[in-house]
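# Overview (structure and organization)
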Amino acid sequence: MKAFDLKSIVRQNIWELQAYSSARSEFDLYSSDKSDLTLLDANENPESEQQLNRYPDPLQSDLKEALAQQKGLSVDQIFVGNGSDEAIDLLYRIFCRPGKDKVLICPPTYGMYEVSAGINDIEVLRVPLKEDFSLNDEEIVKRCQQDQDSIKILWICSPNNPTGNSLLKADLKHDWQAENYTKAGIMDVAFAPEFEQELLDNQQRLDRLFGNFHGIIVVDEAYQDFTEHKSFIHRLADYPNLVVLQTMSKAQGLAGARVGFAFASPEIIQLFNKSKPPYNVNELSQKAALKALSNIKTTQEAVKQLIDNRKWLSQELAQFDLVKKVYPSEANFVLAEVEQATNLYNYLKEQGIIIRNRSSQIPNSLRFTVGTQPECKAVIKAMREFQSAQQQNINQ
Ligand SMILES: *Cc1c(COP(=O)(O)O)cnc(C)c1O
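Residues numbered from 1 in each chain as written. Predicted model: local features only at pLDDT ≥ 70, side-chain atom pairs only at ≥ 80, totals over all residues. Heavy atoms only, no water.

Let's shift gears to the sheet that holds strand E9 (residues 333–338). If you trace the 4 strands from one edge of the open sheet to the other, you get E8-E9-E11-E10, paired in antiparallel fashion. Each edge of the open sheet is held by one strand with a lone partner, namely strand E8 (323–326) and strand E10 (356–357). In the sheet, E8 pairs with E9 via 3 bridges, with the strands oriented antiparallel. Paired with Val323 across the strands is Val338, a residue of E9. (Pairing = 2+ DSSP bridges. Helix = DSSP H or I, 4+ residues; strand = E, 2+ residues; numbered from the N terminus.)

To continue, consider the domain arrangement of the protein chain. Taken domain by domain, the protein chain holds domain 1 (6–22 + 58–294) and domain 2 (297–395). Between domain 1 and domain 2, the contact holds 20 residues from the first and 17 residues from the second. Among the residues domain 1 hides against domain 2, the three largest losses belong to Phe133, Pro162 and Phe226. Together they make up 42% of the total. Scanning the region where domain 1 abuts domain 2 turns up 0 salt bridges. Here domain 1 and domain 2 share 6 residue pairs in polar contact (both at pLDDT 80 or more) between them. Residues belonging to the side of domain 1 that touches domain 2 are distributed by class as follows: 8 nonpolar, 10 polar and 2 charged. (Domains from an automatic or database assignment. Contact = heavy atoms within 4.5 Å. Buried area = accessible area lost by both parts, 1.4 Å probe. Salt bridge = Lys/Arg side-chain N within 4 Å of Asp/Glu carboxyl O. Polar contact = N/O pair within 3.5 Å; in protein donor to acceptor, adjacent residues only side chain to side chain. Nonpolar A, V, L, I, M, F, W, Y, C, P; charged D, E, K, R; others polar.)

Next up on the list: the sheet that holds strand E4 (residues 151–157). Spatially, the 7 strands line up as an open sheet ordered E1-E7-E6-E5-E4-E2-E3, and their pairing is mixed. Each edge of the sheet is formed by a strand with only one pairing partner; in this case those strands are strand E1 (78–81) and strand E3 (123–126). Across this sheet, the average inter-strand angle for adjacent strands is 25 degrees, counted without regard to direction. As judged from the 4 bridges shared by E1 and strand E7 (residues 260–263), these two strands associate in the antiparallel manner. Residue pairing for E7: Val80 is matched across the bridge by Phe261. (Axes fitted to C-alpha atoms, helices over the stretch in contact; angles between N-to-C directions.)

Taken together, 13 residues are adjacent to the ligand, and Ser84, Asp220, Thr247, Ser249 and Lys250 come closest. Side-chain polar atom of Asn161 to an oxygen atom of the ligand: 3.0 Å apart, as the coordinates give it. In the model, an oxygen atom of the ligand is placed 3.0 Å from a nitrogen or oxygen of the Lys250 side chain. (Near = heavy atom within 4 Å.)

Bringing the packing of helix H12 (residues 296–318) against helix H14 (residues 373–395) into the picture now. At their nearest, the axes of H12 and H14 sit 10 Å apart, and the two run at 10 degrees to each other. Here H12 is positioned roughly parallel relative to H14, judged by the angle of their axes. Side by side, H12 and H14 meet where Gln305, Asn309, Trp312, Leu313, Glu316 and Leu317 of the first sit next to Gln373, Cys376, Lys377, Val379, Ile380, Met383 and Arg384 of the second. Taken together, the residues of the contact of H12 with H14 break down into 7 nonpolar, 3 polar and 3 charged. (Parallel < 35°, antiparallel > 145°, perpendicular 65-115°, else oblique.)

Right, let's get into the nonpolar core. In this structure, Leu135, Ile140, Leu168, Phe210, Phe232, Val259 and Phe263 are the most contacted members of the largest nonpolar core, which totals 47 residues. In this structure, this core is formed jointly by two domains, domain 1 (6–22 + 58–294) and domain 2 (297–395), each of which donates at least three residues. Every residue in contact with Phe263, bar those within four places of it in the chain, is listed here: Leu67, Lys71, Leu73, Gln77, Ile78, Ile233, Leu236, Leu242, Val243, Val244, Gln246 and Ile269. (Core = buried A, V, L, I, M, F, W, Y, C linked by side-chain atoms within 4.5 Å. Buried < 20%, exposed > 50% of the residue type's maximum accessible area, 1.4 Å probe, protein only.)

We now examine the packing of aromatic side chains. The full count for this structure, using the stated rule, is 11 aromatic pairs. A ring pair is formed by Phe133 and Tyr327, whose centres lie 4.9 Å apart and whose planes are at 45 degrees; its orientation type is tilted. Of this pair, Phe133 sits in the loop between E3 and helix H7 (137–146) while Tyr327 is found in the loop between E8 and E9, placing the two residues 194 residues apart along the sequence. Judged by relative accessible area, Tyr327 falls into the buried class, the value being 13%. When the ring of Phe261 is compared with that of Phe263, the centres are 5.9 Å apart and the planes differ by 40 degrees; the resulting orientation is tilted. (Phe/Tyr/Trp six-rings, centres within 6.5 Å; stacked < 30°, edge-to-face > 60°.)

Laid out in structure tokens, this is it:
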């Protein structure tokens, strides 16, 4: 494996940038009790009766501390953004020189990698997923080697949006153990020797993909809470060029608060911190995020319910004649290949049910977000109506 040299891939202006500094952050006043301080440094309005008359903590210390504890990381490995979409944009601004550098994506995948590339004037190279929606490792490694000085970021979304499957496994041993531990914490299956080979193969695969690449590998884990596989945050120590994205918009139910995370080495996080707008996460959102983190149980119960609903929705979808395939999902949505996808999409829209038509990316495909039980039932009911109307048309 080549040694990873962070400085060589960071834009020079960012490497040399002096971060905006406020008096409060210089003296670390955010982490101390401010109630007996006279704060005359930031031109706020102390006469105001608003709850929000003070600037928020630019480094979100309380939130990061809670998160660090939950994730088993240190505070300096965490960036908090105005949604993980902010982290995506910052990655471009930190690493990619407009008009010069490139990134690699594996479509069909999340649209913002490309939109953000467009905004930042960065060329996008594509190595499409294979027929079965798995990564084309060979081709990725080949393209990265061909263009090794200009490809700065490899975007991998896992579980992938919109296909719903995991593209990479961080740690098979953990996955295997989680699957085979009984509730009493006893391994109920003997460790299979042939599994050693699988472990080794997976490790070699990751080394090949990550270790031979000069640039940054982003694993976007927006749907991590809905899969059984272990998170890549546990591999940060192994791969200094790894950035893992997560968000509070999906499982934690805070899409309206806009709170997302990047986890990486302290050196990379420093670059995020100095490139971001100083007060990028507002006070209300920091508080809401902290509160949601302290209610892990509520989130876990919601996730469990959504996974049940996902199973139900997938089974129901599979019953329809016009549904050709329901893809297995490790996320809170289900992708299906459907005859007359666009007609069905429009019909549902007329009934006030909005799903996502993904037919431009994957022919005849619709993506259904997993809703509440009544919502799942409503979409199935409307689809039955659509189907019987179609059959009547044929019979006429
Ligand atoms: C929803 C989504 C995000 C965006 O998350 P925000 O934190 O809401 O900005 C990022 N990546 C993927 C793959 C997503 O589906």
